[in-house]
Each structure stands twice: as C-alpha cells, then as structure tokens.
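Structure at a glance
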Amino acid sequence: MKENDQLEPTVFVIFGGAGDLAWRKLIPALFDLFHSQSIPAHFSIIAVDRVEFNEGALHKRLHEGVKKFSRFGKVSVKQWNGFAKHIRYLKGDFKGPATYSALTDHCKKLDTEWEAKAHHIFYMATPPSLFGVIPKCLEQAGLASDLERARVVVEKPIGYDLESALALNRTLASAFQESQIFRIDHYLGKETVQNILAFRFANPLFEPIWNRRYVDYVTITVAEEVGVEHRGGYYDGAGALRDMVQNHLMQLLCLVAMEPMVSFEADEIRNKKVDVLHAVRPIPHHAVHQCAVRGQYGEGWIGGTEVRGYREEDGVPPDSQTETFAALRLFVDNWRWQDVPFYLRTGKRLPRQVSEVAIQFRAVPHQSFPPEATLDWQPSRLVMSIHPDEGIVLRFQAKHPGPKMQLRSVDMRFNYREAFDAPSPDAYETLLWDVMNNDATLFMRADQVEAAWRILMPVLEAWKASPPSDFPNYPGGTWGPDATQGLLTHQGHSWPLPMELAEPSDSKGHKS
Ligand code: BG6
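**A short note on the overall build of the protein**
Counting secondary structure elements, the protein contains 15 helices and 18 strands. Against the globule reference of 24 Å for 512 residues, the protein gives a C-alpha radius of gyration of 24 Å, in line with a compact fold. The contacts of the protein with a sequence gap of at least 6 include a subset with a gap of at least 24, amounting to 78%. Accessible surface, the protein as shown: approximately 22900 Å² in total, 53% of it carbon and sulfur. The distance from the centre of the 56 positive side-chain charges to the centre of the 64 negative ones in the protein is 1 Å.

**Side note on the environment of Arg242**
Topologically, Arg242 is positioned in helix H9 (residues 240–257). Judged by relative accessible area, which is 14%, Arg242 ranks as buried. Placed 85 residues apart in sequence, Arg242 and Pro157 show a C-alpha to C-alpha distance of 7.5 Å. A polar contact is formed between the side chain of Arg242 and the backbone oxygen of Tyr160, at a distance of 2.6 Å.

**A short note on the packing of helix H10 (residues 266–279) against helix H14 (residues 446–465)**
It is at 9 Å that the axes of H10 and H14 come closest, and there the two elements cross at 15 degrees. As judged from the angle between their axes, H10 and H14 are roughly parallel. Judged by the twist between their axes, the crossing of H10 over H14 is left-handed. From H10, Arg270, Lys273, Val274, Leu277 and His278 reach across to H14, where they touch Asp447, Gln448, Ala451, Ala452 and Ile455. Of the residues contributing to the contact of H10 with H14, the split by class is five nonpolar, two polar and three charged.

**Some points on the pairing of strand E1 (residues 10–15)**
Counting buried positions over the six residues of E1 gives six, a clear majority of the element. Where burial is concerned, the two faces of E1 agree: the one with Thr10, Phe12 and Ile14 and the one with Val11, Val13 and Phe15 are both buried. With six bridges joining them, E1 and strand E4 (residues 119–124) adopt parallel strand pairing. By the bridge assignment, Phe15 is partnered in E4 with Met124. In this sheet, strand E2 (residues 43–49) lies alongside E1 in parallel orientation, the contact comprising six bridges. Bridge assignment links Val11 to a residue of E2, and that residue is Ser44. Viewed along the sheet, the connection from E1 through helix H1 (residues 20–35) into E2 turns out right-handed.

**Let's talk about the environment of Lys68**
Inspection of the secondary structure assignment puts Lys68 in helix H2 (residues 55–69). Taking C-alpha positions, Lys68 is 30 Å from Gly298, a pair spaced 230 residues apart along the chain.

**Points about unusual backbone geometry**
A cis amide bond links His387 with the next residue in sequence, Pro388, at an omega value of -10 degrees. The residue Pro388 is located in the loop between strand E15 (381–387) and strand E16 (391–399) in this model. For the bond running from Phe471 to Pro472, omega is -10 degrees, close enough to zero to count as cis. With a phi angle near 70 degrees, Asp339 is a residue other than glycine that sits in the positive phi range.

**Details of the sheet that holds strand E17 (residues 407–415)**
If you walk across this open sheet you meet the eight strands as E8-E12-E13-E7-E14-E15-E16-E17, and the pairing is mixed. Of all strands in the sheet, those bounded by a partner on one side alone are strand E8 (292–295) and E17. Across the sheet, the axes of successive neighbouring strands diverge by a mean angle of 15 degrees, strand direction being ignored. Sheet topology places strand E7 (residues 215–223) next to strand E14 (residues 354–361); eight bridges connect them, and they run antiparallel. Looking across to E14, one finds that Val218 is bridged to Ile359.

**Focus on the side chain of Ser38**
Among the structural elements, Ser38 can be located in the loop between H1 and E2. Reaching out from Ser38, the side chain makes a polar contact with the backbone oxygen of Ser36 at a distance of 3.1 Å.

**Quick look at helix H7 (residues 191–201)**
Of the positions making up H7, those classed as buried are Thr192, Val193, Asn195, Ile196, Leu197, Phe199 and Arg200. At its buried positions, H7 is contacted by H9, H10, E15, E16, E17 and helix H12 (416–419).

The rules we used
Residues numbered from 1 in each chain as written. Predicted model: local features only at pLDDT ≥ 70, side-chain atom pairs only at ≥ 80, totals over all residues. Heavy atoms only, no water. Helix = DSSP H or I, 4+ residues; strand = E, 2+ residues; numbered from the N terminus. Rg over C-alpha atoms; globule rule 2.2 N^0.38 Å. Contact = heavy atoms within 4.5 Å. Areas by Shrake-Rupley, 256 points an atom, 1.4 Å probe, with all protein chains shown as cover. Lys, Arg positive; Asp, Glu negative; His and termini not counted. Charge placed at Lys NZ, Arg CZ, Asp CG, Glu CD. Buried < 20%, exposed > 50% of the residue type's maximum accessible area, 1.4 Å probe, protein only. Polar contact = N/O pair within 3.5 Å; in protein donor to acceptor, adjacent residues only side chain to side chain. Axes fitted to C-alpha atoms, helices over the stretch in contact; angles between N-to-C directions. Parallel < 35°, antiparallel > 145°, perpendicular 65-115°, else oblique. Left-handed = near helix turned anticlockwise from the far one by under 90°. Nonpolar A, V, L, I, M, F, W, Y, C, P; charged D, E, K, R; others polar. Pairing = 2+ DSSP bridges. Right-handed = clockwise from strand over helix to strand, strands pointing away.

The following block contains the structure:
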C-alpha cells in the first residue's frame, strides 16, 4: 500500500450519510483505513442527507457504528476524535440545486485550505430510486467534469431488470465517463474471492485440469443463516435472484470459469469475465422450471432457536410471493466448459452461513482397484471456501493403513488465517481504498451488469408469469425446497456438504 502522504487529497461525499450503509459499512471501513494510516493525509468526509442532524449527534451515531463494526474492535475516544474531525454533515435535498452548490463551495474551500485540487468521490448510499437523479445533479453543478479526479460509486442493485439496468447505465453515462463509474459488488472485495484468481493463475498446478475433461460439475453456494432482518421493505421488492444471484453469484461464476488474463489490468480482467457471461447458455422460457428452483422460508428452527417465517417478517406482506431462495443450473458454452453444469444456490434462513465453490472432478477413467478396496470411494473435490471458513480443501483418495488395500477420502487443507499472520481487511475497506486509488479492477463494468441481467431475464419473466402456489416451501433451518435436489440428482450429482461439516470418513470408514 502507498503511504498516506502519497495519496491524493480526497473529499469523500456520502449521499445517504445518515443511513444504514454509512453507519454499518462505509464509516467503519473509512475509519479502519484511517487507523491503519491508509487514508490521504488531507481528507474530508461529507455526509449528505435529508434528515435533521447536528454534527455532534451524527458523530455520536457514527461512533457507535464504528465501535460495533470496525475490525479494530473498541475504539478509544482519542482515536475516534482524530477521525471524526474530518466528518461534516450537510443537510440537503438530493434533488435540490442548493445542496450541490453548498457541496461545490465546500469543496472549493477545502482546495484552498489544502492548496491542492482534491479528488472527489461521490458515493450513492441511497435508495436506488435516486441513482438516476444524483449523477445528473452532480453533472449540472459541474462536479462530474474532472475525468481524473471526480468519481461516482454506485451500490447494488444496479437496476431491477435488464431494461432498468440499461436505463441506469445510460443515465450514469450521460453524467460520467465509464472510467469514473465504480459499481460496487462487495463480494469482489473479499480476500478469499480475490484469492480465486491467485489460486488459479499464479499456480500451474490446477489450470491444466480446470476444464471439461476433468471437471464433472461445479457448485456455487452462498447460504445465509439470517432472515431478511430489518430489510423486509427492500427485500420483498427484490428477492434472492436479484439480491444475490445477479451480482455475487454471477461474479463467483465468472472468477471460476474465466480464461487466464493476459495482464492484471482492470479492463483485461473485466473482459475475461464478460466473456464468461456471454457464453452462458440462454435458458429457454419453456425450460425455466427444469433449470431454476425458487423457495420461500417458513417458520423453523436454527441452532436451537425458533425462527419466524418470511411472511411474518417486518415489512413483508403476509401473502408475499418473493423468493428467499434460488437455485440455477447453468452451462457455459465454450471449449473449456461445454456441457459441464454449474449449479448455483443461495438462500436465507438456511442451516448455516457458508459461501463456497466446489469443483467436483470426474471419476478415474478405469477403476483398477478391487471392488472391496473402493467401497468408500468418492470423487476428488476441490472446495474454495469464502465464508466463514476461509481457505481451500482438496479431497482425494488415499490408502487406509493396514495389510489390505482399502481406499478412503482424505483432506488437504489450507486455512487463510493460519497461513498468514495478517488480518484480512473488510471487503468495503479494500474497495474504498481501490476507489481512492482509481483502480476499477474489482468493480463491475456496465456491460458485465447487463450481461448478468440478460442471463436471468427468462427466469424472472417465467416466475412473474406463474406465481408460486406452494410458498412457503422450506422451513427455516433447512437447505431449501426439495426441488433443489432435483436440479442435480437426475444427472447423478449432489450438493456437497459445506466443507467444515463434510469430514472425510474416519479410520474405521465411518463418517465422523
Ligand atoms: C448483500 C445482500 O448484497 O449481501 C444481502 O443484499 C446479503 O441480502 C449480503 O445478506 C450477504 O453478504 P455477506 O458478505 O454477509 O455474505
């Protein structure tokens, strides 16, 4: 990382600065950067919002958020005050020119004070309905014109469907150049997600077998134990497909399936990812029910605690038809992956929180061991675990000790925390650092977002046209609706147990 005095003076403007995202993610991440001296020596945070707040009250609230969410844990008053003096509050209407002229004045004042031309980062931590308005206002106020120094950051969801994503991208493009637009998908900031590229392309070991000749199928699981928490209002208008699959799971698919990049340039990597999305076989309307499964959680039990059903959550209508679980079977039609199924699943109120990618390798072409040696035989599998375990597990067959030839599965494990004596930064910390450094590698380009929507449109349309008749169809604390198994089993495939749970057989050949 650069030293903080090498970073350009920066004004960080957060639209929605009094909101949840700023409280929970952005301010704690900026504080952590400040704490590890990775923020410019000259920096200012301007929180813009509509609500009445005096600066003291805002600072108090943000301090609470930092105490709760900073990775440095408890924060002393002295540390907090050193950071908080950089935060200003600007009460203003997001659509009103007065807000933008106050912003302009403030930025000019800072330039004079710092004797420099500062970089301006405009972060839209607002409801999506404002994503079209704010960039236009910034442009009209002349705040978007500096191609080197002005940047806009857009939170997901980027659109509600393909049409709205295209419209939003057009609006953004009418105010900013693509190089100034940073579309956030916080999964890309996770260390273990970035490690997929390192693992694949910094080692010659697995790449030769990373293809249809050796890989039987791939599963991508992002399971959450939590329900919709306090976000029922937003979530009910979105659902699992829009909230998770369109962005986080598609990004994982791209990283697993992409071709090696020629250089570590933002556009080179993004080109390779877009190639994957373009190669995904379109799902025909008539086949949606064979390739996609939806679910909604009912009441159930998780970890000994009774949990309520989705329809009982705050902000959710009692007859809601929104899916809280989605699973898909996709194919990537290219030389590397032809006919290898990629199974994606995500859901809320599943038995445990786990994000992982599993590569299931094909069986050996000829089984030369005697049948009694292979009673416990399992195919080799590589699991890249993203969360909460961070690491990689390679499962393969070994000879069980003893006079007889008997095979059983064993695991070779790499654990991030054990291997590196350095804490992982939070995803937002990494991403905000990258925005400050004008590095768009970990951000979604317009064409990527649109290509991901294009893949999902047949499913969204088919689901809209035929509302579910069986919701809720999985109890909280289970792995989703039964039909999810059917996506795989008729091919002889199965969802792997999460890495931590799926212990290999013990020495007696039993599962532990
Ligand atoms: C967000 C979704 O993008 O990702 C949430 O809107 C979800 O619904 C969250 O809970 C999951 O992120 P993580 O980092 O906790 O896996």
